[in-house]
Amino acid sequence: MNDEFIQRLLALHYVYPKPVNRLSLLMKDDPDLEYLRFRSPVDLAETMQIPLEKANALKRSYLHYANTPFLKIYGQQRIRPLIYRDPLYPSSLHDLIDPPAVLYLKGDAALLDAPEKIAVIGSRKAESYSQSVIQQLLPPLLAEGFVIVSGLAKGADAMAHRCAIDSGGKTIAVIGSGFLHRYPKVNDGLSFIIEETQLLVSEYPPYMPPRKWNFPMRNRIISGLSKGVIVTQAEVKSGTLSTIEHALDHGKDIFAVPGDIFSPLSAGPHKLIAEGAKPVWNGAQVLEEYRQLRS
């Protein structure tokens, strides 16, 4: 891996922020993108399986940004781009069908290498019950060095991040937009704390606004980074359960918190328990599960 390839990949990703499986179409015959600037729009359209109009726009945009010093610019913004060939890139993400081509990082990149990471997710409408559950579940895990991974959404995600920080532990927030578009605004303060003392992760270049289809994509990274997923409160049909689908696809452990049978926010965890998820109501149960797996 050389600096020229990193520059070419960052320029391509800036104008075409797609995962590895999409960009690899270009790299079958040109693994280091050396000839990308010379390829015709017709060739790009055929190779990338995109319309000619889109290929024309891609070629123009790539040439416009090809010499932009992205590493220097990102460095000035305290953003670290981590490309998929970097030795520090999390190996578990390579197991995805569509690994992020670039991870943009703000904060403590060493947290990516933490051996034990667990996702804590739940509804944006999470109630005080989720808050109590998180405060019961997380401290034992944090005391054993687990890093908490979540999505910086309103509700359960924000509760999990705050609990990790307030308990003196570590947390990773995976977001669905670029760093110049913080979302949701209600979590701005928390976002700043995470990028200063923890780790903020995005697969999108800094200019990318939040778009609804970004968040299901984000969920696969939350699952991919974690050895297991804890669900607090969630409706049966919710974005929370899309994270579970990714986790199940990759053999991750699923833990679900039982709740009030009359609450719609308990329906998701109860469905998961009925389908085989492990019911948990304190962190020691999660730790015991992993001790059994090690023995």
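Fair warning: this is a prediction, and the values are worked out from it, not measured in the lab. (Residues numbered from 1 in each chain as written. Predicted model: local features only at pLDDT ≥ 70, side-chain atom pairs only at ≥ 80, totals over all residues. Heavy atoms only, no water.)

(A) Molecular detail of empty space enclosed by the protein. Inspection of every chain in the model, using the stated rule, returns three cavities of 30 Å³ or more. Quantified by volume, the largest cavity comes out at close to 60 Å³. Within the lining of the largest cavity, the residues separate by chemical class into six nonpolar, four polar and one charged. Its volume calculated, the second largest cavity comes out at about 50 Å³. Its residues assigned to classes, the lining of the second largest cavity shows six nonpolar, two polar and three charged. (1 Å grid on protein atoms, 1.4 Å probe; cavity = no way out; pocket = protein on both sides within 12 Å on 5 of 7 lines; lining within 4 Å. Points joined across faces, edges and corners; volume = space filled by probe spheres on them. Nonpolar A, V, L, I, M, F, W, Y, C, P; charged D, E, K, R; others polar.)

(B) The arrangement of the layout of surface pockets in detail. A volume near 270 Å³ is recorded for the largest pocket. As for the largest pocket, its lining consists of 13 residues, of which Pro17, Lys18, Tyr204, Trp213 and Asn214 are closest to the centre. Partitioning the lining of the largest pocket into residue classes produces eight nonpolar, one polar and four charged. Each of domain 1 (3-100) and domain 2 (109-293) contributes no fewer than three residues to the lining of the largest pocket. (Domains from an automatic or database assignment.)

(C) Here's a closer look at the domain arrangement of the protein chain. Segmenting the protein chain into domains produces domain 1 (3-100) and domain 2 (109-293). Once you take the C-alpha centre of each, domain 1 and domain 2 turn out to be 29 Å apart. Contact with domain 1, which involves 19 residues of that partner, is made by 16 residues of domain 2. Roughly 1400 Å² of surface becomes buried between domain 1 and domain 2 when both sides are summed, with 66% attributable to carbon and sulfur atoms. (Contact = heavy atoms within 4.5 Å. Buried area = accessible area lost by both parts, 1.4 Å probe.)

(D) Just the environment of Asp32, in detail. Its place among the elements puts Asp32 in the loop between helix 2 (20-27) and helix 3 (41-48). A sequence separation of 24 residues divides Asp32 from Arg8, and the C-alpha atoms of the two residues are 8.1 Å apart. Among residues more than four places away in sequence, those in contact with Asp32 are Phe5, Arg8 and Arg85. (Helix = DSSP H or I, 4+ residues; strand = E, 2+ residues; numbered from the N terminus.)

(E) Region of interest: the nonpolar core. Counting 69 residues, the largest nonpolar core has Leu12 and Ile172 as its most contacted members. Considering every element that reaches this core, the biggest residue donor is helix 1 (residues 3-15), with eight residues. If we skip the residues at most four places from it in the chain, Leu12 touches Leu23, Leu26, Leu33, Leu36, Leu58 and Tyr62. One finds Ile134, Leu138, Ile148 and Met159 within the second-largest nonpolar core, a separate group that totals 23 residues. (Core = buried A, V, L, I, M, F, W, Y, C linked by side-chain atoms within 4.5 Å. Buried < 20%, exposed > 50% of the residue type's maximum accessible area, 1.4 Å probe, protein only.)

(F) View of the packing of helix 6 (residues 128-143) against helix 7 (residues 156-166). Put simply, helix 6 and helix 7 touch, their axes get as near as 9 Å, and they point 40° apart. Considering their axes alone, helix 6 and helix 7 lie oblique with respect to each other. Considering the relative orientation of helix 6 and helix 7, their crossing is right-handed. In contact with Ser130, Gln131, Ile134, Gln135, Leu138, Pro139 and Leu142 of helix 6, helix 7 contributes Ala156, Met159, Ala160, Cys163 and Ala164. (Axes fitted to C-alpha atoms, helices over the stretch in contact; angles between N-to-C directions. Parallel < 35°, antiparallel > 145°, perpendicular 65-115°, else oblique. Left-handed = near helix turned anticlockwise from the far one by under 90°.)

(G) Layout of the pairing of strand 4 (residues 147-150). Of the two faces of strand 4, the one carrying Val147 and Val149 and the one carrying Ile148 and Ser150 are both buried. For the crossover from strand 3 (residues 117-121) across helix 6 to strand 4, the handedness is right-handed. Relative to strand 5 (residues 170-174), strand 4 runs parallel, the two being bridged by four bridges. Paired with Val147 across the bridge in strand 5 is Lys170. For the crossover that starts at strand 4, traverses helix 7 and ends in the parallel strand 5, the hand is right-handed. (Right-handed = clockwise from strand over helix to strand, strands pointing away. Pairing = 2+ DSSP bridges.)

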